[in-house]
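Analysis of the macromolecular model
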Amino acid sequence: MIHTIKLMFPVQYDEVQDLQRRLKIKYTEINKHFEGVYPGVTMSIFNKGYGKWFLSMVIDVILLLSTPNINESDYEKIERKIKFILMDIFGHSTHFKDHVLLRIDYRFDVVIKDRDIRKLLMDLYKKTTKTYRFQRKYLGKLKNGSFVPYETTVYHSSKSVKSIVYLKEEERIAKGERIQSYEKGVVRYEVQVLEDHLYYMERKNPKVQRPRKLEFYLKEDIYKEYFRKYMSHIYHLGDFYKIDFAREKLRASSLSTNEKMKLVEFLKQISFNDMDSP
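Below: a short report on this structure.

The rules behind the values
- Residues numbered from 1 in each chain as written.
- Predicted model: local features only at pLDDT ≥ 70, side-chain atom pairs only at ≥ 80, totals over all residues.
- Heavy atoms only, no water.
- Phe/Tyr/Trp six-rings, centres within 6.5 Å; stacked < 30°, edge-to-face > 60°.
- Helix = DSSP H or I, 4+ residues; strand = E, 2+ residues; numbered from the N terminus.
- Buried < 20%, exposed > 50% of the residue type's maximum accessible area, 1.4 Å probe, protein only.
- Pairing = 2+ DSSP bridges.
- Contact = heavy atoms within 4.5 Å.
- Axes fitted to C-alpha atoms, helices over the stretch in contact; angles between N-to-C directions.
- Parallel < 35°, antiparallel > 145°, perpendicular 65-115°, else oblique.
- Left-handed = near helix turned anticlockwise from the far one by under 90°.
- Nonpolar A, V, L, I, M, F, W, Y, C, P; charged D, E, K, R; others polar.
- Core = buried A, V, L, I, M, F, W, Y, C linked by side-chain atoms within 4.5 Å.
- Patch = residues over 30% accessible without salt bridge, like charges linked within 9 Å, V, L, I, M, F, W, Y side chains within 5 Å.
- Areas by Shrake-Rupley, 256 points an atom, 1.4 Å probe, with all protein chains shown as cover.
- Salt bridge = Lys/Arg side-chain N within 4 Å of Asp/Glu carboxyl O.
- Polar contact = N/O pair within 3.5 Å; in protein donor to acceptor, adjacent residues only side chain to side chain.

**Regarding the packing of aromatic side chains**
- Tallying each qualifying case throughout the model produces 16 aromatic pairs.
- Between the aromatic rings of Tyr 38 and Phe 84, the centroid separation amounts to 6.4 Å while the plane-to-plane angle is 75 degrees, which identifies the pairing as edge-to-face. Pair noted here: Tyr 38 is in the loop between α2 (30-33) and β2 (41-47) and Phe 84 is in helix α4 (residues 75-90), with a separation of 46 residues, a long-range link.
- Judged by its relative accessible area of 11%, Tyr 38 is buried.
- Ring centres 5.2 Å apart and planes at 55 degrees place the aromatic pair Tyr 223 and Phe 227 in the tilted group. Here Tyr 223 pairs with Phe 227, and both are found in helix α9 (residues 220-230), just four residues apart, close to one helical turn.
- Take Tyr 223: its relative accessible area is 11%, and that puts it in the buried class.
- Classification of Phe 227 by relative accessible area gives buried; the value is 14%.

Have a look at this one:
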């Protein structure tokens, strides 16, 4: 259901001073101090000016709970784990009630054992629409003035939401990282809901006023809502056919010859280019 979350907690300056004295570190060293203590958790403390201090936590929830199978019923476990970390840092966990959700990554993993089929899917997904709901498709990046295509990823991104499909096992291999058992043969579909969108939903959306709290976003219906809205309109459901097989299905249909010819031409343009070409 989810993968990564980012939370921000407002803290007091005297708590930061006490932390530095107690742990004998600078506040900028907090992540190094707790490195490896809490799997999947990255922390930082920063000052936004005007005396406002915050603790930031980026959490890989799969590592935090030691399971890839996460759903709405796991909220209390997640809250309990985070409160335990806060207790370890500050001696209390009352900051949790003031947390602000800055990012949440929803995921849907599909196991496809055949590597060639996984790679074929990625080639097909590169033919998806160039833009959708202010999201723009990215197939690579510029490096030293040259375009370098992504081998394992296709994504559509705006400032507020990203819709991503990538091959998890191949990504691990490319980065030289260990492949977890639950990542083998996985095609991961992911919707990243970012800070701008979460702020909009809390403060500016005239239809829904949804607080930036983890509890409100760790719900099955919200998870499904984001996948319907941002994923299914780009990466379409249904069967994929080779152009020759599609021709055979059209020939066997009751459509007129003219309609069949137009549809074949339509499919050819997608096959040679992308969904926007026709």
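**Overview of the sheet that holds strand β11 (residues 186-193)**
- Pairing is antiparallel across the open sheet formed by nine strands, whose spatial order is β2-β3-β1-β4-β11-β10-β9-β6-β5. One side of each edge strand has no neighbouring strand; the edge strands of this open sheet are β2 and β5 (131-132).
- The sheet strands contacting α4 are β1 (2-11), β2 and β3 (53-60), and the helix crosses β3 at an angle near 135 degrees.
- Contacts between α9 and the sheet are confined to β4 (100-111), β5, β6 (135-138), β10 (161-167) and β11, with β4 contributing the most and set at about 75 degrees to the helix.

**Some thoughts on the packing of helix α10 (residues 243-251) against helix α11 (residues 257-272)**
- Put simply, α10 and α11 touch, their axes get as near as 10 Å, and they point 160 degrees apart. Taken together, the axes of α10 and α11 are roughly antiparallel relative to one another. Like other packed secondary-structure pairs, α10 and α11 cross with a definite hand, here right-handed. Listed contacts from α11 to Ile 243, Ala 246, Arg 247, Leu 250 and Arg 251 of α10 are Lys 260, Leu 263, Val 264, Leu 267 and Lys 268.
- Residue composition of the contact of α10 with α11, by class: six nonpolar, no polar and four charged.

**Observations regarding unusual backbone geometry**
- A positive phi angle, near 70 degrees, is found at Phe 134, a position not held by glycine.
- Note that Phe 134 resides in the loop between β5 and β6.
- Phi is positive for Asn 144, close to 55 degrees, though the residue is something other than glycine.
- In this structure, Asn 144 sits in the loop between β7 (140-143) and β8 (146-149).

**Focus on the nonpolar core**
- Ranked by internal contacts, the top residues of the largest apolar core, which has 62 residues, are Ile 2, Ile 5, Leu 55, Met 57, Ile 82 and Tyr 106.
- The biggest single contributor to this core is α4, with seven residues.

**Overview of a nonpolar patch on the surface**
- On the surface, Leu 255, Leu 263 and Phe 266 cluster together into a nonpolar patch covering about 220 Å² of accessible area.
- Note on placement: Leu 263 falls in helix α11.
- Classification of Leu 263 by relative accessible area gives partly exposed; the value is 33%.

**Here we look at the side chain of Ser 163**
- Relative to the elements of secondary structure, Ser 163 occurs in strand β10.
- Under the relative-accessibility criterion, Ser 163 is labelled buried at 0%.
- Within the structure, the side chain of Ser 163 is placed 3.1 Å from the side chain of Gln 135, a separation counted as a polar contact.
- If we skip the residues at most four places from it in the chain, Ser 163 touches Gln 135, Val 154, Tyr 155, His 156, Glu 190, Tyr 230, Met 231, Ile 234 and Tyr 235.

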